[in-house]
Structures are given as C-alpha cells and as structure tokens.
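The residues making up each chain are set out below.
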Amino acid sequence: MYIYKAAVVGAGAMGAEIAQAISFSGIPVLLRDVDQPRVEQGIEVIRKIYQRRVDRGKMTQDELEKKLTLVTGVTSVDAFKDVDLVIEAVPEKLELKRQIFQELDRTVQESAILASNTSSLSISALGGATKRPHKVIGMHFFYPAHIMKLVEVIPGLETSEETIGDVMSFAENLRKLPVRVNECPGFLVNR
C-alpha cells in the first residue's frame with residue numbers, strides 16, 4: 001500500500017521533526033496535539049528546519065512555503081479519517097500510548113497502519129489495544145529525526161508482512177535507512 005497521507009500524534013520535538021521529514025518527501029501530513037498552542041509550536045519547529053535550508057541556499061522561500069502547505073495542524077483525531085498511516089510520538093508511557101492507539105483504531109480507516117515511535121515499549125502490547133494488531137508496528141526515528149537516517153522498524157507478534165513491507169518502503173521514501181528489528185527490550189540501538 002502506498003502512503004498518500006500521513007498523520008503524527010504529538011507535536012513535540014520528535015513529532016514535529018517526523019512530520020517535517022514526511023512533508024519534505026512531498027506527502028501531506030497532519031500534526032496533532034492536545035491544544036492549539038502545542039500544535040503551533042510544532043509547526044514553528046518545522047518552519048525553522050525549512051528556514052535553515054533556505055538560509056543555506058538549499059531551498060527557496062517559495063519551496064519552503066509549498067512544503068509548509070503539506071502540514072496541517074489539528075487538535076482532534078477526527079481529522080484522521082482518510083490517512084493511510086499514523087505515527088504516534090508521545091511520551092514513553094505505555095498506558096498513554098495504548099489509549100491513543102484505541103482512539104486511533106476507532107477513528108482511522110480500516111486499512112490504515114498505526115505506528116509508534118517508541119524507543120523501547122512493546123509493539124505487541126500496543127497492537128493488543130486495537131482490533132488491528134496486524135496493522136500495528138514500531139517506527140522508531142532517532143533525534144534529530146529530520147537529520148538522522150536510521151529508522152528501526154519493529155513488528156509486533158501479529159504484525160503482517162504486508163504492513164512491514166509498507167512501512168519499510170515508506171521509510172525509504174522519506175530518504176531514511178529502515179532496519180527491521182525484532183521486538184525486544186530497547187530494540188537494537190538502545191539495547
């Protein structure tokens with residue numbers, strides 16, 4: 001499945017940088033957080049990343065504005081109805097992430113992939129919070145996400161091969177180096 005539209009939950013440093021990497025590849029992305037000021041902070045992080053590219057002569061101001069039109073800030077998960085992939089990038093609290101995955105599972109289209117940017121939590125436990133554990137996967141970016149190339153792709157016990165392949169291809173489309181990692185404490189790099 002090709003990812004035509006993506007979403008990121010959590011507009012902090014990691015979430016904003018992941019959203020920037022997605023928009024840089026030309027894919028529309030929704031950036032969600034609990035309130036508008038946090039969403040605007042995340043969009044400002046994205047603008048600053050692009051502005052540094054303009055300042056270095058790697059992109060024009062017009063290109064910056066076009067890339068920013070691919071990013072839409074939202075505070076409600078209801079906007080996610082037509083996304084193909086959601087990447088969760090909230091604090092490392094299993095219960096919080098499980099609640100978010102349950103909410104996403106009820107909201108997004110049945111074909112959508114639910115990914116977590118967790119650095120160590122169980123993907124299988126997150127998948128167990130949904131009715132689509134075959135569509136749940138870890139997609140761990142490294143900080144700073146707009147620069148670091150490596151992305152750990154972590155299937156849970158029930159993640160389908162199709163989901164793994166789709167996420168590996170998506171990471172490559174973001175100009176990242178995806179590495180498939182078995183689910184274990186700390187995964188590969190942090191272990």
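How each quantity is defined
- Numbering of residues begins from 1 in every chain and follows the order in which that chain's sequence is written.
- The predicted nature of this model means local features are confined to residues of pLDDT at least 70 and side-chain atom pairs, given and counted, to a pLDDT of 80 or more, with totals for whole chains, interfaces and linings taken over all residues.
- The side-chain numbers reported here are obtained from all heavy atoms of the structure, hydrogens and water having been left aside.
- Residue types Ala, Val, Leu, Ile, Met, Phe, Trp, Tyr and Cys, when buried and joined through side-chain atoms within 4.5 Å, form a set referred to as a nonpolar core.
- The buried label goes to any residue with under 20% of its type's maximum accessible area, the exposed label to any with over 50%, and the partly exposed label to all in between, with areas taken from a 1.4 Å probe on protein chains only.
- For the purposes of this entry, the term helix denotes a DSSP run of H or I that reaches at least four residues, the term strand denotes a run of E that reaches at least two, and both are numbered from the N terminus.
- Contacts are assigned to residue pairs with any non-hydrogen atoms lying within 4.5 Å of each other.
- Each patch is assembled from residues with relative accessible area greater than 30% and no salt bridge, linking like charges that lie within 9 Å and nonpolar side chains (Val, Leu, Ile, Met, Phe, Trp, Tyr) that lie within 5 Å.
- Calculation of accessible area relied on Shrake-Rupley with a 1.4 Å probe; when residues are assessed, cover is drawn exclusively from the protein chains displayed.
- Salt bridges are counted wherever a side-chain nitrogen of Lys or Arg sits within 4 Å of a carboxyl oxygen of Asp or Glu.
- Only four residue types enter the tally: Lys and Arg on the positive side, Asp and Glu on the negative side, with His and both chain ends excluded.
- Throughout, a charge is located at the NZ atom of Lys, the CZ atom of Arg, the CG atom of Asp or the CD atom of Glu.
- Whenever a helix is involved, its axis is fitted only over the stretch in contact; in every case the axis is a line through C-alpha atoms, and angles between N-to-C directions fall within 0 to 180 degrees.
- In what follows, roughly perpendicular refers to angles from 65 to 115 degrees, roughly parallel to angles under 35, roughly antiparallel to angles over 145, and oblique to any angle outside these ranges.
- By the definition used in this description, the sense in which the near helix is turned from the far one sets the handedness, with an anticlockwise turn below a right angle giving left-handed and a clockwise turn giving right-handed.
- Polarity classes work like this: nonpolar for Ala, Val, Leu, Ile, Met, Phe, Trp, Tyr, Cys and Pro, charged for Asp, Glu, Lys and Arg, and polar for all others, with Gly in that last group.
- Aromatic rings from Phe, Tyr and Trp, with only the six-membered ring used for Trp, were paired whenever their centres fell within 6.5 Å, and each pair was classed as stacked if the ring planes differed by under 30 degrees, edge-to-face if by over 60, and tilted otherwise.
- Whether a charge sits over a ring comes down to the Lys NZ or Arg CZ being within 6 Å of the ring centre and within 35 degrees of the ring normal.
- Pairing between two strands is assigned when DSSP locates at least 2 bridges connecting them.
- Assignment of crossover handedness uses the view with strands pointing away from the viewer, where a clockwise path from the first strand over the helix to the second indicates a right-handed crossover.
- Take the residue count of a helix, subtract one, and multiply by 1.5 Å to get its expected span.
- Each polar contact in these results corresponds to two N or O atoms within 3.5 Å; when the atoms are within protein, one needs to be able to donate a hydrogen and the other to accept it, and residues that are neighboring in sequence are counted only if both atoms are side-chain atoms.

Asker: Can you help me understand the nonpolar core in this one?
Answerer: One recurring pattern in soluble globular proteins is that nonpolar side chains are buried together. With 35 residues, the main nonpolar core has I18, I22, I87, M139, F141 and F170 as its most contacted residues. At five residues, the largest contribution of residues to this core is made by helix 1 (residues 13-24). Here I18 is in contact with V8, I87, A89, N117, F141 and A145, once residues within four sequence places are set aside. The next biggest cluster of nonpolar side chains, apart from the first, holds 20 residues, and it includes V77, I100, V108 and A112.

Asker: Quick question: what am I supposed to make of the side chain of H140 here?
Answerer: Inspection of the secondary structure assignment puts H140 in strand 6 (residues 136-141). For H140, a relative accessible area of 5% corresponds to the buried category.

Asker: Any chance you could explain a positive patch on the surface here in plain terms?
Answerer: Together, K48, R52, R56 and K58 make up a positively charged patch on the protein surface. By the secondary structure assignment, R52 is in helix 2 (residues 36-55).

Asker: Please clarify how the packing of helix 1 against helix 2 should be interpreted in this entry.
Answerer: Packing of helix 1 against helix 2 brings their axes to within 9 Å, and their N-to-C directions diverge by 55°. Looking at the two axes, helix 1 sits oblique to helix 2. Like other packed secondary-structure pairs, helix 1 and helix 2 cross with a definite hand, here right-handed. Residues A16, E17, A19, Q20, S23 and F24 of helix 1 form the contact with helix 2, whose own contacting residues are G42, V45, I46, I49, Y50 and R53. The residue inventory of the contact of helix 1 with helix 2, partitioned by class, reads seven nonpolar, three polar and two charged.

Asker: Before we go on, may I ask you to explain the packing of aromatic side chains in this structure?
Answerer: To describe a pair of aromatic rings, you give the distance between the ring centres and the angle between the ring planes. In this structure the tally under the stated criterion is two aromatic pairs. Seen from their ring centres, Y2 and Y4 are 4.8 Å apart, and the 65° between their planes marks the pair as edge-to-face. For Y2, a relative accessible area of 42% puts it in the partly exposed group. K67 extends its terminal NZ or CZ atom over the ring of F24, reaching a point 5.5 Å from the ring centre.

Asker: For this particular structure, what's the right way to read the pairing of strand 7 (residues 150-155)?
Answerer: Regular strands show a simple pattern: their side chains alternate between the two faces of the sheet. Counting buried residues in strand 7 gives five out of six residues, a clear majority hidden from the surface. Where strand 6 and strand 7 come together, five bridges link them in antiparallel fashion. Following the sheet pairing, M139 is matched in strand 7 by V153. Relative to strand 8 (residues 177-180), strand 7 runs parallel, the two sharing four bridges. Counted as the bridge partner of L150 is L177 from strand 8. Handedness of the β-α-β unit built from strand 7, helix 6 (residues 161-173) and strand 8 comes out right-handed.

Asker: Even after reading the chapter, I still don't get helix 1, so can you show me in this structure?
Answerer: Every α-helix winds through 3.6 residues per turn, so residues three or four apart in the chain are directed the same way. Taking 1.5 Å as the rise per residue, helix 1 with twelve residues should run 16 Å; its terminal C-alpha atoms sit 16 Å apart, in good agreement. By the burial criterion, the buried members of helix 1 are M14, G15, A16, E17, I18, A19, Q20, A21, I22 and S23. Immediately downstream of helix 1, the backbone of G26 shows phi near 95°, a positive value.

Asker: Please explain the environment of D105 as it appears in this structure.
Answerer: Position of D105 relative to the elements: it lies in helix 4 (residues 94-107). Counting along the chain gives 26 residues from D105 to K131, while the straight-line C-alpha distance between them is 6.9 Å. Those residues in contact with D105 that sit more than four places away from it in its chain are L114, T130, K131 and R132. Here the side chain of D105 touches K131 through a polar contact of 2.7 Å, landing on its backbone nitrogen.

Asker: Mind showing me how you'd approach unusual backbone geometry here?
Answerer: Trans is the prevailing form of peptide bonds, just as negative phi is the prevailing case for residues other than glycine. Cis peptide bonds are those with omega within 30 degrees of zero, and the linkage from Y143 to P144 qualifies with -5°. Phi angles above zero are rare outside glycine, and R175 is one such case at about 65°. Overall, the relative accessible area of 45% leaves R175 in the partly exposed class.

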